[in-house]
Amino acid sequence: MKEFGYERPAHPTDALAMIAGVAGARFLGGGTNLVDLMKLGVETPAVLIDVTALPYDFVTDDADGGLRVGSGTRNSDLAAHLAVRRRYPALAQAVLAGASGQLRNMATVGGNLLQRTRCPYFQDVTKPCNKRVPDSGCPARDGEHHNLAILGGSDLCIATNPSDMAVALAAFDAVVFVEEPAGPRAVPIADFYRLPADEPQRETTLEPGALITAVALPALPWAANSRYRKARERASYSFAIGSVAVALDVADGMVRDVRIALGAVAPIPWRAYRAEQSLRGQPATEVAFREAADAELEWAQPLRDNRYKVPLVRNLMVRTLIELVQAS
Amino acid sequence: MDRALTLNGVEVRFDVEPRTLLVDLIREEFGRTGTKVGCETGECGACTVLLGGKAVKSCMVLAAQADGASVTTIEGLGEPGELTAVQDAFWEEHAVQDGFTTPGLVMSVTDLLSRNPDPTEAEIRSWLDGNLERVTGYHNVVAAVESAARKLKQGDSWKIEPEVVAGDMVGASVRPREAPEMLRGETDYIADVTLPGMVHAAILRSPHGHATINGIDTSAAAAMPGVIGVFTAADLGFVMPLPVIWVPTDVESHWPPHPSGMVPGGQSLLATDRVRFVGDQVAVVVAETVQQANDALQAIRVDYEVLPAVVDAEEALKRSAPQLHETVPNNLCMSAPLGDKAAADAAIAAAEVVVEETIRNQRIMANTVEARGAIGSYDATTGDYTLWTNVQPVNPIRLLIALYVLGVPYNKLRVIAPAIGSSLGAKGYLFADGPLMLWLAKAVGRPVKWLDTRSSYPRSTPHGRDHVAHATLAGSRDGKISALSVRGFNNLGAYPVINAPGSPRTLIGQSVTGAYDIANPYYEANLVFTNTSPTGPVRGSGRAEAIYLIERMIDRYAGEIGMDPAEVRRINMVKPDQFPYDNHLGWMYDSGDYPGALDKALEMVGYDDLDARRADSRARGKRLGVGIGSYVAAAGVGPSAIMGSKGLVSGTWGSAYIGIEPSGEVSVTTGAQPHGQSQVTTFSQIVAQELGVPLEAITIKHSDTNGALYYSQASYGSRSLSVEGVAVYNACQLIKEKARQHAAHLFHCPVDAVEYGPAKVFARFAPDQAVMTLQQIAFTLWLGWDLAEGMTPGLEAKGFFDPPEFNYPYGTHVAIVEVDEQTGHVELVRYVAVNDFGTVVNPKVVDAQSHGNIALGVGQALYEAVRYDETGALLTDSYSTYPIVRASELPSFELLRTVTPTPNNPLGAKGAGDVSNPPVAPAVVNAVCDALSDLGITSLDMPLQPHTIWRAMSSASAGGAAGSGGSASAGSGGSASAGSGGSASAGSGGSTSAGSGGSASAGAAAAAEPAGAAS
Ligand SMILES: Cc1cc2nc3c(=O)[nH]c(=O)nc-3n(C[C@H](O)[C@H](O)[C@H](O)COP(=O)(O)OP(=O)(O)OC[C@H]3O[C@@H](n4cnc5c(N)ncnc54)[C@H](O)[C@@H]3O)c2cc1C
Ligand code: SF4
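Bear in mind that the values here come from a model prediction, so they are computed numbers and not experimental data. (Residues numbered from 1 in each chain as written. Chains lettered and ligands numbered in written order. Predicted model: local features only at pLDDT ≥ 70, side-chain atom pairs only at ≥ 80, totals over all residues.)

**Thoughts on the overall build of chain A**
Looking only at helices and strands, chain A features 12 helices and 12 strands. A globule of 328 residues ought to have a C-alpha radius of gyration of about 20 Å, and chain A, at 19 Å, matches this closely. Expressed as lengths along the three principal axes of its C-alpha atoms, the size of chain A is roughly 60 × 50 × 35 Å. For chain A, buried positions account for 58% of its 328 residues. Pairs at least 24 residues apart make up 64% of the contacts formed inside chain A by residues separated by at least 6 positions. (Helix = DSSP H or I, 4+ residues; strand = E, 2+ residues; numbered from the N terminus. Rg over C-alpha atoms; globule rule 2.2 N^0.38 Å. Buried ≥ 20, exposed ≤ 12 C-beta atoms within 10 Å, placed from the backbone. Contact = placed C-beta atoms within 7 Å.)

**Quick word on the overall build of chain B**
When helices and strands are tallied, chain B shows 29 helices and 34 strands. In terms of overall size, chain B behaves like a compact globule, its C-alpha atoms giving a radius of gyration of 29 Å where 1015 residues would be expected to give roughly 31 Å. Every one of the 1015 residues in chain B was classed for burial, and the buried ones make up 63%. Long-range pairs, those at least 24 residues apart, make up 79% of the contacts in chain B between residues at least 6 apart in sequence.

**Topic: the domain arrangement of chain A**
Annotation of chain A at the domain level lists domain 1 (5-50) and domain 2 (224-327). Just the C-alpha atoms count here: the centres of domain 1 of chain A and domain 2 of chain A sit 36 Å apart. (Domains from an automatic or database assignment.)

**Thoughts on the sheet that holds strand β6 (residues 199-205) of chain B**
Residue and element names in this part refer to chain B. The strand order β8-β10-β6-β17-β14-β15-β16 describes an open sheet built from seven strands, whose pairing is mixed. Because the sheet does not close on itself, it has two edges, and the strands there are β8 (227-232) and β16 (413-416). Between one strand and the next, the sheet's axes are offset by a mean angle of 20 degrees, whatever the strand orientation. With two bridges joining them, β6 and strand β17 (residues 448-451) adopt parallel strand pairing. Counterpart to histidine 200 in the pairing with β17 is lysine 449. Against the sheet, helix α13 (residues 433-444) touches β6, β8, β10 (281-287), β14 (373-379), β15 (384-389) and β17, its axis set at about 35 degrees to β14. (Pairing = 2+ DSSP bridges. Axes fitted to C-alpha atoms, helices over the stretch in contact; angles between N-to-C directions.)

**Some points on the sheet that holds strand β9 (residues 274-275) of chain B**
All names here are of chain B. Read across the sheet, three strands follow the order β9-β7-β11 without closing on themselves; strand pairing throughout is antiparallel. Whereas interior strands pair on both sides, the edge strands pair on one side only; in this sheet they are β9 and β11 (301-306). Bridging between strand β7 (residues 211-217) and β9 involves two bridges; their strand directions are antiparallel. Of the residues in β9, the one forming a bridge with alanine 211 is valine 275.

**Some details on the interface of chain A and chain B**
By a widely used convention, the size of an interface equals the accessible area lost when the partners come together. Contacts between the two partners involve 35 residues from chain A and, on the opposite side, 40 residues from chain B. Where the side of chain A that touches chain B is concerned, the elements lending two or more residues are β1 (5-7), α2 (34-39), β3 (47-50), α6 (101-106), β9 (226-232) and α12 (309-327) of chain A. Element by element, the count of residues in the side of chain A that touches chain B is highest for α6(A), at five residues. Considering only residue class, the side of chain A that touches chain B consists of 16 nonpolar, nine polar and 10 charged. (Nonpolar A, V, L, I, M, F, W, Y, C, P; charged D, E, K, R; others polar.)

**Regarding α13(B)**
Along an α-helix, residues three or four positions apart point the same way, because every turn accommodates 3.6 residues. Residue and element names in this part refer to chain B. The end-to-end C-alpha distance of α13, which contains 12 residues, comes to 16 Å, matching closely the 16 Å that a straight helix rising 1.5 Å per residue would cover. Among the 12 residues in α13, nine count as buried, and that is most of the element. Trailing α13 by a residue or two, glycine 445 shows a phi angle of about 75 degrees, which is positive. (Expected span 1.5 Å × (residues − 1).)

**A few points about the pairing of β15(B)**
All names here are of chain B. Most of β15 is tucked away: five of the six residues are buried. Relative to β15, β14 runs antiparallel, the two being bridged by six bridges. Within β15, the residue paired with glycine 376 across the bridge is leucine 387. Two successive antiparallel strands, β14 and β15, enclose a turn made up of four residues, where glycine 383 displays a positive phi of approximately 80 degrees. One ladder, built from four bridges, connects β15 with β16; its direction is parallel. Bridge pairing in β16 links tyrosine 385 to leucine 413. In this view, the connection linking β15 to its parallel neighbour β16 by way of helix α12 (residues 394-405) has right-handed handedness. (Right-handed = clockwise from strand over helix to strand, strands pointing away.)

**A word on helix α17 (residues 565-572) of chain B**
Residue and element names in this part refer to chain B. The complete set of buried residues in α17 reads Pro565, Ala566, Val568, Arg569 and Asn572. In an axial view of α17, the angular spread of the buried residues amounts to 160 degrees, which keeps them on one side of the axis. For α17, the secondary structure elements touched by its buried residues are β19 (481-493), α16 (543-561), α18 (594-605) and β23 (622-632). (Arc of directions from axis to C-beta.)

**Some words on the packing of helix α22 (residues 720-747) of chain B against helix α23 (residues 774-783) of chain B**
Residue and element names in this part refer to chain B. In contact at an axis separation of 10 Å, α22 and α23 are set at 75 degrees when each is read in the N-to-C sense. As far as their axial angle goes, α23 and α22 are roughly perpendicular. Across the interface between the two elements, Ala739, His742 and Ala743 from α22 touch Leu774, Ile777, Thr780 and Leu781 from α23. (Parallel < 35°, antiparallel > 145°, perpendicular 65-115°, else oblique.)

**With respect to the confidence of the model for chain B**
A residue-level look at chain B finds 94% of positions with pLDDT of 70 or above and a mean pLDDT of 93. Predicted as a complex, the structure gets a pTM of 0.94 and an ipTM equal to 0.95. (pLDDT = per-residue confidence, 0-100.)

**Section: the site of ligand 2**
Taken together, 15 residues surround ligand 2, and among them Cys119(A), Tyr121(A), Cys129(A), Cys138(A) and Cys157(A) come closest. Residues that form the shell around ligand 2 fall into these classes: 12 nonpolar, two polar and one charged. (Near = placed C-beta within 6 Å.)

**A closer look at the site of ligand 1**
Ligand 1 sits among 34 residues. The nearest are Gly29(A), Gly30(A), Gly98(A), Gly110(A) and Gly111(A). In this structure, ligand 1 sits where chains A and B come together, each supplying nearby residues. Broken down by secondary-structure element, the contributors of at least two residues to the shell around ligand 1 are β2 (25-28), α2, α6, α7 (109-113) and β8 (211-217) of chain A. Taken together, the residues that form the shell around ligand 1 break down as 15 nonpolar, 15 polar and four charged.

**Focus: the pairing of strand β28 (residues 760-763) of chain B**
Residues and elements named next belong to chain B. Direction of pairing for strand β27 (residues 754-757) relative to β28: antiparallel, over a ladder of four bridges. Note that in β28 the partner of glutamate 755 across the bridge is phenylalanine 762. Connecting β27 to the next strand, β28, in antiparallel fashion are two residues, including alanine 759 with a positive phi near 55 degrees.

**Describing unusual backbone geometry**
With the exception of glycine, the majority of residues adopt a negative phi angle, and the majority of peptide bonds are in the trans configuration. Residue and element names in this part refer to chain B. Across the junction of phenylalanine 579 and proline 580, the peptide omega takes the value -10 degrees, indicating a cis bond. In this model, valine 637 is joined to glycine 638 through a cis peptide bond whose omega is -15 degrees. With respect to the helices and strands, glycine 638 occurs in the loop between β23 and α20 (640-645). Positive phi, normally seen in glycine, also occurs at glutamate 40, with a value near 70 degrees. Inspection of the secondary structure assignment puts glutamate 40 in the loop between α1 (22-29) and β3 (48-51). For glutamate 40, a count of 19 C-beta atoms within 10 Å puts it in the partly exposed group. Within the chain, asparagine 367 stands out as a residue other than glycine whose phi angle is a positive 45 degrees.

**Side note on the environment of Gly65(A)**
Topologically, Gly65(A) is positioned in the loop between β4 (59-61) and β5 (67-70). Sequence separation between Gly65(A) and Ala219(A) is 154 residues, and the spatial gap between their C-alpha atoms is 5.0 Å.

**Quick notes on the packing of helix α4 (residues 121-128) of chain B against helix α5 (residues 139-153) of chain B**
How two helices pack is summed up by the angle between their axes together with the distance between the axes. Residue and element names in this part refer to chain B. At a minimum axis distance of 10 Å, the contact between α4 and α5 shows a crossing angle of 120 degrees. Considered as vectors, α4 and α5 are oriented oblique to each other. Read as a crossing pair, α4 and α5 show a hand that is right-handed. Here α4 contributes Glu121, Ile124, Arg125 and Leu128 to the contact with α5, which in turn contributes Val141, Val142 and Val145. When grouped by side-chain class, the residues that make up the contact of α4 with α5 number five nonpolar, no polar and two charged. (Left-handed = near helix turned anticlockwise from the far one by under 90°.)

As structure tokens, then:
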């Protein structure tokens, strides 16, 4: 690892002043992703500003019936929180589906949101990669891409967002609260991540130096009937090759409302608006579910080695929807 | 900047660079080496500590992040000298073998139980996924967690007095004696060894599979801070390449040369003009710190000219293939026949049924959580060299380095192995790094340490298996096998490893008939060099390839003749009245009831009663499959003369020294080298049984060439107990004999009248009067005041054992799997193993060996594969690219042991270390093939990852769809139950068109959903 400085401010204003004051300064959450990338030489920050002493380790009820999660909350605490498990089970399941116990004990909500892609070329500094070194090229398109995007990629980059947690947050329309140089901002998760287009190095809409302070989960009573399902290459933990977070409101055999978000298929947690659209007001049947899945996946643009994701994700969606019908 | 944290309850201050990792702070600054490093990427969990009371991986945390926090390491658990409930449970359940991963596991489990006092087995296994383990198969670890949970609920009442073994010591599951210090993190492994004045080496390895070296510029590196020296082959002078010491003498063979002219040559310590695999050693930097050595490595400029490479053994034999060694035409080291080819050919020509198949046993690696390391030191005043290194055979390595590498007198070299964090065979070689550290120590005048890393491991340490066999099996329609003919190809990699070239014909070839009476067997061993890492034994070596081959062929044959594979096995197995049985290829099977073990295993799984289970699985969208793996595996290497006749230049006898101290304690030095097999425990049990002394009075010494044994072998090939243990037994007899003789002299009676009782000798005519304790006998013998004529002073003995024959453990394993029709994912749902290891000294120790063997075999069947691309680039160098099996991927194992003593040693014990690995992979693969048989799938190549299965299902169903005429579109709408209709009749023909309409649509549905486990 290259040498760097380390600070751990106790007050948000100090943290923001520090990040503004030093070129190459970066926030540090649990470090389970950033330190890993520093070992690989992918990240070379000049200073790390550890944000875990800031007053952001909390899970509290919001006045509107929603839940607010501080950005410093450890992943294991989030997954174990009773209100999360009861009211947003897909979120608890998503967090538990990622990494191992020791890593979840360390990882924070803020860091999880901003973890970087697992594209093998991004992690290997001896290889070109547009995301790591703009305009250097994208070897993944013709090379190793079996776990890269089938939706939302661009000619310059087809990396997937690896976070399980973010998929559940996308389904629940979470709002990310940030402090930016210009002041505080509430960013709906739908506007938080951005597609690579011609700037794959920019993964979010945040201003440089933005500090994530909290994530709000809006009230959604029927989110209690939600589920996260993850497919991976082995039975024990590993990154998803396809995942889905679904919440379903079904009454009298009809879909009243539904939320579907897909993971490991796109550069961002992919909200399946088309599928949702095609389901609302429809009978809650397998046929309708398949049609809904097809409506979304029709737009997929798989490459040579990731075609399997289309049927994989289709079946995950259908299976999960059926389970939620049975559960409700 | 000055920081502080509370380490194990004590506030400590530290001032380190921010880039210092917490694990390095703990180990290097504070000297708490109980916390281990296994991977540095957050996968293995060996570095787990409690941070603020919660388990974290300390290799992923910066020291600075722990500023102000409380950190608990393994050393900080419980009261000094005591064990916590968790530690005690690990001890009690034999959840500790080599101990390297133990501290991390204990810390992790401590956290689990603090937040979930009542975990289910599934919860335990899923939590344990954060800790990789290579030898326990997690079986006893899970049991330990359950036991710890119970203990924690009992308050302090679990703290019972140490167990007392009533009756026989041999046969008792006494707790492993080596475990408590491992559980407290007090055991030192190579990473934990530090010498005064020590400096650090980093080795530059070839990034190319094949290249010539046009020049090396070390000047920039040499000028970097902290660098003491940078060395290349040009500096090494008369240092020789590694030797090869197992060369069959009756066949033509071709080798890289060795300057001694006595033996063939292997890898050079540093490559001269050419590199032949990714990992070949090119240069070495010595610097004050590891970091400085690594930094300087980046500054060495090597001018490579990349050459075409070949990575596949059969490809390498083609005329156009790149040539690796001038002295080896066509890359063929040797082609060695075994058996009567003409007879086998004739039997095949005459047979009713002939099955041909190519059986691939993929390249795997031991990938032990502890990597390797070496420290060389040199005393300029005496000329003495000392090598600390975590290898299995310290004495053989001492001999080879002295004679064939450095050319120094045998008595000027001492080799010491600290505790070894398991080997799985791959720490059993002479490596180029060990002698290199010795040479460097002399060159720089200070001790030099090299420690491997996870990503470098596959470049530094030989791999295993990589065996392709074209097999032909012939038999009758009613299930009797008449011939087996095999052309085997072993990919040796770029260089021959000391003992590896002898193994293919002996350990694979001689073993290919497995547990069966096959009249006409023939095996041809072809050993080929390629641009890949050298290969050699990995746990189960040789016999694993052979058993995989024959067990797959048996299932193929059974499918072909439409007979139950269990019945085919029963018909062909060697029967109990056939012993000693000559298998026509060189083995002389000793004893057993092979069909009996098969029937027991089948009974345990309810083999005749699985239809309901199959239907139940099918209803859940899964296909159930049952697979059998029966085996016989030669163990107890070995009769020296027989091994010599096969070309091994090494005595393979066992040896032990026993000295009875004047104060009565017993000191034993064994030629075995424990690295997870608990020989300190089992050998103590033998001594306790034979001499009647308590375990606590017995010390077992090993792993240091400056011990009481001048030369010895080591632990490998399931030989420790049945060869070295017998030597201990024999030494005990000598001790007893001498004690009796001395007593007879003191009692003034004939020796015949004196008996040895528990820790005493007495005259039969006056047992209460003419009696002396062992201590008294030893004391008087050491004093030597009153000795009989010709009696030597002292009570000590060297026992040897050169077995007359190998011994042959055997058994049958059965795997039950479920294959997910929608994802292609294989779940191992049950694993039953019936083994016979002859007489067993410590049942729990032996069962724990089986757990490790099963886990490794399952890993090979389902996950593991070393991969190269066609340029020779290595693609698998981490625990994410080379996955090893985790806790939640295994069920609890169901073990049964039968006991048929071997007549080949006085203990009746057969080998148990690696012999129960060979049946595992075939049992699992047979099970998966069984699950997919109605799709017409008869063979699949390991590892059976979801996408492999998906592809097979997809092409089988494509054939089926075509065959059933236009049902292809059924796939998209096909539901999980679609296949059940057609599956009953399918498969009998064994062709791709066998799928009827029903199974074709199920296949298409399945094919539409590849790759993965869904949760
Ligand atoms: C072996 C392994 C397996 C894993 N498996 C999975 C998996 O299956 N699924 C999954 O989802 N994840 C997985 N992970 C990833 C893991 O979830 C992330 O590493 C973790 O969530 C990151 O959190 P952190 O707090 O440690 O982030 P850090 O590493 O500290 O930071 C990550 C990024 O976030 C930024 N950051 C952190 N906090 C803030 C803040 N408050 N404001 C602004 N920026 C901030 C940092 O600057 C950095 O860029 C795995 C990781 C490992 C090592
Ligand atoms: S897909 Fe994106 S991250 Fe991967 S190599 Fe291409 S540009 Fe880099």
